[in-house]
Amino acid sequence: MIRATLFTIAFATPAAANVDSLLNDYILPSWDTFAASAATMADATAADCSPENVAPYYNDAFDHWLNVRNLKLGPTENGTLNIEFWPDDRGFIPRTLADLIADQDPIAYDADEYATMSIAARGLMSIEMLVFDDRFNGYGADDYTCDLLKQITADFSAEVARQSNGWANDYAPIMLGEGDGVSTPVIDEEHAFATFYTQIVSGLENLTIQNVNRPLGTFDRPRETRANAWRSDRALRNIVLSADAMVEQAHLLMGADLPATTAALGELHKTADRVTDPSFANIETDTQAWLLLQIMGQNVDAIGAGVSNEIGLVMGISAGFNASDGD
Amino acid sequence: MANRRQFLTSLLAASAAPTISWASVGNPSFIAAAKVGDDYALCGITDTGQIAFQVPLPARGHAGAGHPTKPIAVAFARRPGTFALVIDCLTGAVMQDLTAPTGRSFSGHGMFLDDGNLLLTTEQIAETSEGFLGLWDASDNFKRIGAIPTHGLGPHDVKLLDDGATLVVANGGIHTDAFGRTKLNIETMRPNLAYLSIDGLLDMVELDPELSKNSIRHLAVRPDGLVGFAMQWQADPSFLPPILGLHKRGSDVILAEAPLNEAFAMQGYAGSIAFSGDGHEIAISSPKGGRLHRFTDTGEFIGATMQTDVCGLVTLPRGYMTSDGYGHIAAMENGALRHLAEHPVNWDNHIIAL
């Protein structure tokens, strides 16, 4: 779940013009290559929907998604779940896919209609379910499931292209201060800087909460099937690549060396190198594996602390009023 | 218990014509608590969103109860309630400072019954969170006259069905520590919807164990006895629980589910609930999600409407009225918001109909 923290901005020094660099040298190219990888997966699936063929394209697309996954802004603010619907504790994904398959639902043959499909049957996690889960991946080229997978990958490609275009054509110009104040807001550099900073800090918080703490559970009760993308053995990889991406974003945003942040990322890599099961399936039986995952959470938190100290403190951005009190 | 019934009957018979009415304080249709600068207030609100009156509160309020005829309101503190103030809305004077019996605290909601002669307050025992409805004789300086168990922990909202005899209580199920809001029993909580008469429990509804962490907190009732209940999920919101239920005695509970992306946006939290003016649909608000969800009276999702920090929600003849933390009051008709007014206040959780 998204942790929304509001930040009060009191810049100690003028914001460097690094928002431009972050957007033009990292975010937009990352969306470009992500969209290309999604299109390649759709083409490859259309040609050969077999799990063996689709798996590497799926992994490539997922890798590219992790470069930008924490940036829940612009077209991605409400679009994240179209790309990756996770967690799914109530099992909406297998239920929805099983229903479609049992009904041989003709929506699999209608691209326009499919764009309105429940997010439980769209995006990376539904592709993962069909390709990697034994309940689904026994299909043949003539089966409905094959056609469904072709539609899901095509829909996914279209959705990633839509968001990529939204970033390039609409959102990036706004964050670069090109809003007209009428149909688009005027965003100054300090606001844009703080916006991206917030996405990095909350992205790191969420990485610990979702990718580490969910499977970690408690020492007595690990929850290995709550790991992110465990079916495709990506649980570990998703943590490391996400952290890599956010640290790179932090560097570009600050336009400076971030020694503590970099050191903390190094520690995460060292811990990750000792993990023997990339799906975390062994944390239930292997105490050492559970402890390593716990240490990875501390490593990610240390990266977050590095970013807070080396960007937030320096730039005078501090966590402020949090509106989340209910009754 | 027979005494209590006789007492209520006698109150009904004795109700006298009011001399000063709500008209004398600007004809409000609603009341709502608000933060005004660094201070707190209880406001009367008209059908068009104007502030009819504004009287100070000593601390942050949560909900209120308006006397059906006289310009008297009871303002309830946020949980754990340190105050329930009976306020003369004409002068702003505190007529009575209600004190919960020793060891009990107010739970944020209450209502007038029997033409305004009886005040009900949701209360809980501080140590155990065991729920009660406190009974106060409004015709005799709000003298404490008794209490009815709510048959659950942490009661919050209470409503009267149109039969005039059946009360429905949202037992939130949460055991909080005696002096604060710290939750002590999330793993074992069992919220329920309890139907009560003045004599005791009539009916109790619990959700499946899978949904036991769904705290039932706020209620809306329709004249035919259909009850809408809004819930607040006390675990990871990515579970995407339903947060609106519909129930009519003698029938099964309907859990209303939004499309998954919309359910995600609500963050497992419904703040207020109301039926539309025609009763054909029901809405919930989520300040955390900055949106309102509308459902049919059979639980089918109709649509979402965005309003940042929206929480207050109440029935208007042609739909609903909404309020938010930025001072806005709007009318919502068929899902479209129509701006009614903006006030220099932060509207708190609820708008209560008079």
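Residues numbered from 1 in each chain as written. Chains lettered and ligands numbered in written order. Predicted model: local features only at pLDDT ≥ 70, side-chain atom pairs only at ≥ 80, totals over all residues. Heavy atoms only, no water.

K.L.:
Which residues make up the packing of aromatic side chains, and what values go with them?
P.N.:
Two aromatic rings, taken as a pair, are described by how far apart their centres are and by the angle between their planes. Considering all chains together, one arrives at 15 aromatic pairs over all chains under this definition. Centroid distance Tyr109(A) to Tyr144(A): 6.2 Å. Interplanar angle 70 degrees. Geometry classified as edge-to-face. One end of the pair, Tyr109(A), is in the loop between helix 4 (92–103) and helix 5 (111–114); the other, Tyr144(A), is in helix 7 (residues 144–175), and 35 residues separate them in sequence. When its relative accessible area of 5% is taken as the criterion, Tyr144(A) is described as buried. Summarising the aromatic geometry, the rings of Phe295(B) and Phe301(B) are spaced 5.4 Å apart at their centres and angled 70 degrees between planes, so their arrangement reads as edge-to-face. The class of Phe295(B) is buried, set by a relative accessible area of 1%. Grouping aromatic residues by their ring pairs yields a cluster made of Trp31(A), Phe34(A), Trp65(A), Phe156(A), Trp167(A) and Tyr171(A). A cation over a ring is seen here: Arg214(A) above Trp86(A), with NZ or CZ 5.7 Å from the ring centre. Over the ring of Trp136(B) we find Arg144(B); its NZ or CZ atom is 4.8 Å from the centre of that ring. (Phe/Tyr/Trp six-rings, centres within 6.5 Å; stacked < 30°, edge-to-face > 60°. Helix = DSSP H or I, 4+ residues; strand = E, 2+ residues; numbered from the N terminus. Buried < 20%, exposed > 50% of the residue type's maximum accessible area, 1.4 Å probe, protein only. Lys NZ or Arg CZ within 6 Å of the ring centre and 35° of its normal.)

K.L.:
Provide a residue-level description of helix 2 (residues 51–66) of chain A, including the pertinent values.
P.N.:
An ideal rise of 1.5 Å per residue puts 22 Å on 16 residues; helix 2 of chain A measures up with 22 Å between its terminal C-alpha atoms. On its buried face, helix 2 of chain A sits against helix 1 (18–47), helix 3 (80–83), helix 6 (123–132), helix 7 and helix 9 (235–254) of chain A. (Expected span 1.5 Å × (residues − 1). Contact = heavy atoms within 4.5 Å.)

K.L.:
Quick one: what's the story with the nonpolar core, residue by residue and with numbers?
P.N.:
In terms of nonpolar packing, the biggest core is built from 121 residues, with Leu97(A), Leu148(A), Phe156(A), Trp167(A) and Phe196(A) touching the most fellow members. At 12 residues, helix 7 of chain A tops the list of elements feeding residues into this core. Here this core spans two domains, since at least three of its residues come from each of domain 1 (7–12 + 186–319) and domain 2 (20–175) of chain A. In this structure Leu97(A) touches Ala121(A), Ser126(A), Met129(A), Leu130(A), Phe136(A), Leu148(A) and Ile152(A), once residues within four positions along its chain are discounted. By size, the runner-up hydrophobic cluster in this structure holds 16 residues, among which are Val25(B), Phe53(B), Ala75(B) and Ile87(B). (Core = buried A, V, L, I, M, F, W, Y, C linked by side-chain atoms within 4.5 Å. Domains from an automatic or database assignment.)

K.L.:
Explain the interface of chain B and chain A to me, and be specific about the residues and the numbers.
P.N.:
The interface is formed by 24 residues belonging to chain B together with 17 residues belonging to chain A. Together chain B and chain A conceal approximately 1800 Å² of surface at their shared face, both sides included; 55% is due to carbon and sulfur atoms. Counting every contact that joins chain B to chain A gives 2 salt bridges. One salt bridge in this structure joins Asp236(B) and Arg214(A), with 2.7 Å as the shortest N-O distance. Linking chain B with chain A are 3 residue pairs in polar contact (both at pLDDT 80 or more), by the criterion used here. Where the side of chain B that touches chain A is concerned, the elements lending two or more residues are strand 16 (214–221) and helix 2 (260–266) of chain B. With 3 residues, helix 2 of chain B is the single largest residue contributor to the side of chain B that touches chain A. Counted by class, the side of chain B that touches chain A contains 8 nonpolar, 8 polar and 8 charged residues. (Buried area = accessible area lost by both parts, 1.4 Å probe. Salt bridge = Lys/Arg side-chain N within 4 Å of Asp/Glu carboxyl O. Polar contact = N/O pair within 3.5 Å; in protein donor to acceptor, adjacent residues only side chain to side chain. Nonpolar A, V, L, I, M, F, W, Y, C, P; charged D, E, K, R; others polar.)

K.L.:
So what about the packing of helix 8 (residues 189–216) of chain A against helix 11 (residues 287–315) of chain A? Which residues, and what values?
P.N.:
All names here are of chain A. Where helix 8 meets helix 11, the closest approach of the two axes is 9 Å, and the angle between their N-to-C directions is 170 degrees. For the element pair helix 8 / helix 11, the angle class is roughly antiparallel. For the pair helix 8 and helix 11, the sense of crossing is left-handed. (Axes fitted to C-alpha atoms, helices over the stretch in contact; angles between N-to-C directions. Parallel < 35°, antiparallel > 145°, perpendicular 65-115°, else oblique. Left-handed = near helix turned anticlockwise from the far one by under 90°.)

K.L.:
Tell me about the domain arrangement of chain A, and name the residues and values.
P.N.:
All names here are of chain A. Entries for chain A in the domain assignment read domain 1 (7–12 + 186–319) and domain 2 (20–175). When the two sides are added together, the surface that domain 1 and domain 2 hide from each other amounts to roughly 2500 Å², 57% of it contributed by carbon and sulfur. A per-residue breakdown of the area domain 1 buries against domain 2 is headed by Phe196, Arg231 and Gln249, which together make up 27% of the total. Applying the counting rule to domain 1 against domain 2 returns 4 salt bridges. With a closest N to O distance of 2.8 Å, aspartate 133 and arginine 231 form a salt bridge. For the pair domain 1 and domain 2, the interface holds 15 residue pairs in polar contact (both at pLDDT 80 or more). Secondary structure elements with two or more residues in the side of domain 1 that touches domain 2: helix 8 and helix 9. Each residue belonging to the side of domain 1 that touches domain 2 can be placed in one class, and the counts come to 13 nonpolar, 10 polar and 6 charged.

K.L.:
Hey, could you go over the sheet that holds strand 6 (residues 84–88) of chain B for me, with residue numbers and the actual values?
P.N.:
Residue and element names in this part refer to chain B. Taking strand neighbours across the sheet as the criterion, the 4 strands line up as 4-5-6-7 in an open arrangement whose pairing is antiparallel. Two strands in the sheet have a free side with no partner beyond their single neighbour: strand 4 (61–66) and strand 7 (94–98). For this sheet, the mean inter-axis angle between neighbouring strands, taken without regard to orientation, is 20 degrees. Sheet analysis places strand 6 next to strand 7, joined by 4 bridges and oriented antiparallel. Among the inter-strand pairings, leucine 85 is bridged to a residue of strand 7, identified as aspartate 97. (Pairing = 2+ DSSP bridges.)

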